[in-house]
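Residues per chain, in single letters:
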Amino acid sequence: MHRFYIDESDSPGDAIGQLSADDFDAQTQNKEVRYSIRSGGGQSSFKINGFNGLVTLDVAVDYERQKTEMFIAEASDSGSPPLSSSCTVIVHIRDNNDNAPEFLSPLMYETISEGTPFGVLLTRVVAFDKDSTLNDNNRIFYQSASSVPFMIDKFTGDLIVTGNLDRETNSR
């Protein structure tokens, strides 16, 4: 079995690894080894150079759709009849931070009394990120871009009253 590791940002044509096989036949013409991909779900994502066993990425991959791919590679000699051997190749795809966080609700309405004291929790905003938890690519930090009498907790998304709420001054 062979294991290769690639990033989801790798491009088609990038080399991901190389397979190698030896043929110990005495006759030179029988010693020539040819490589191919025989089967497996990764069969359509990768190519193998038939002469040197270099495995390359054939199409772009996406960690969020498929974390690993597997295929069966075969090495055949040029004897008559040709003899062959096969091995399993597992390709592990590493996540890149390629997905922006998304709010569960992009627009929220909340009602609050103008006499609400400081420190009261008004609501919690929630966002999610499709990237991997393994490398913290999906860690979300909240912040507000507005100057309002509220503070958003950087880690939880809690929206807390931090200033005077006066309807006559600001009715939003």
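Here the structure is a predicted model, which is why all the values come from computation and not from measurement.

Which residues make up the sheet that holds strand 4 (residues 46-48), and what are the values?
Across a sheet, paired strands are connected by hydrogen bonds in the backbone, their directions being either parallel or antiparallel. Overall, antiparallel pairing links the three strands, which are arranged 2-5-4 in an open sheet. The strands lining the two open edges of the sheet, one partner per strand, are strand 2 (15-18) and strand 4. With direction set aside, neighbouring strand axes in the sheet form an average angle of 25°. In the sheet, strand 2 pairs with strand 5 (residues 54-57) via three bridges, with the strands oriented antiparallel. Following the sheet pairing, Ala 15 is matched in strand 5 by Thr 56.

Before we move on, can you summarise a nonpolar patch on the surface with the specific residues and values?
Judged by side-chain polarity, Leu 104, Val 126 and Phe 128 come together as a nonpolar surface patch covering roughly 260 Å² of accessible area. Counting through the fold element by element, Val 126 comes out in the loop between strand 9 (121-124) and strand 10 (127-128).

I'd like a rundown of the packing of aromatic side chains, residues and numbers included.
For the structure on display, the rule yields three aromatic pairs. The interplanar angle of 45° and the centroid separation of 6.4 Å between the aromatic rings of Phe 103 and Tyr 142 together place this pair among those described as tilted. In this pair, Phe 103 sits in strand 8 (residues 102-103) while Tyr 142 sits in the loop between strand 10 and strand 11 (150-152), placing the two residues 39 residues apart along the sequence. The ring of Tyr 63 has Lys 67 lying over it, and the distance from NZ or CZ to the ring centre is 4.6 Å. The ring of Phe 141 has Lys 154 sitting right over it, with the charged end atom 5.2 Å from the ring centre.

Criteria and cut-off values
Residues numbered from 1 in each chain as written. Predicted model: local features only at pLDDT ≥ 70, side-chain atom pairs only at ≥ 80, totals over all residues. Heavy atoms only, no water. Pairing = 2+ DSSP bridges. Helix = DSSP H or I, 4+ residues; strand = E, 2+ residues; numbered from the N terminus. Axes fitted to C-alpha atoms, helices over the stretch in contact; angles between N-to-C directions. Patch = residues over 30% accessible without salt bridge, like charges linked within 9 Å, V, L, I, M, F, W, Y side chains within 5 Å. Areas by Shrake-Rupley, 256 points an atom, 1.4 Å probe, with all protein chains shown as cover. Salt bridge = Lys/Arg side-chain N within 4 Å of Asp/Glu carboxyl O. Phe/Tyr/Trp six-rings, centres within 6.5 Å; stacked < 30°, edge-to-face > 60°. Lys NZ or Arg CZ within 6 Å of the ring centre and 35° of its normal.

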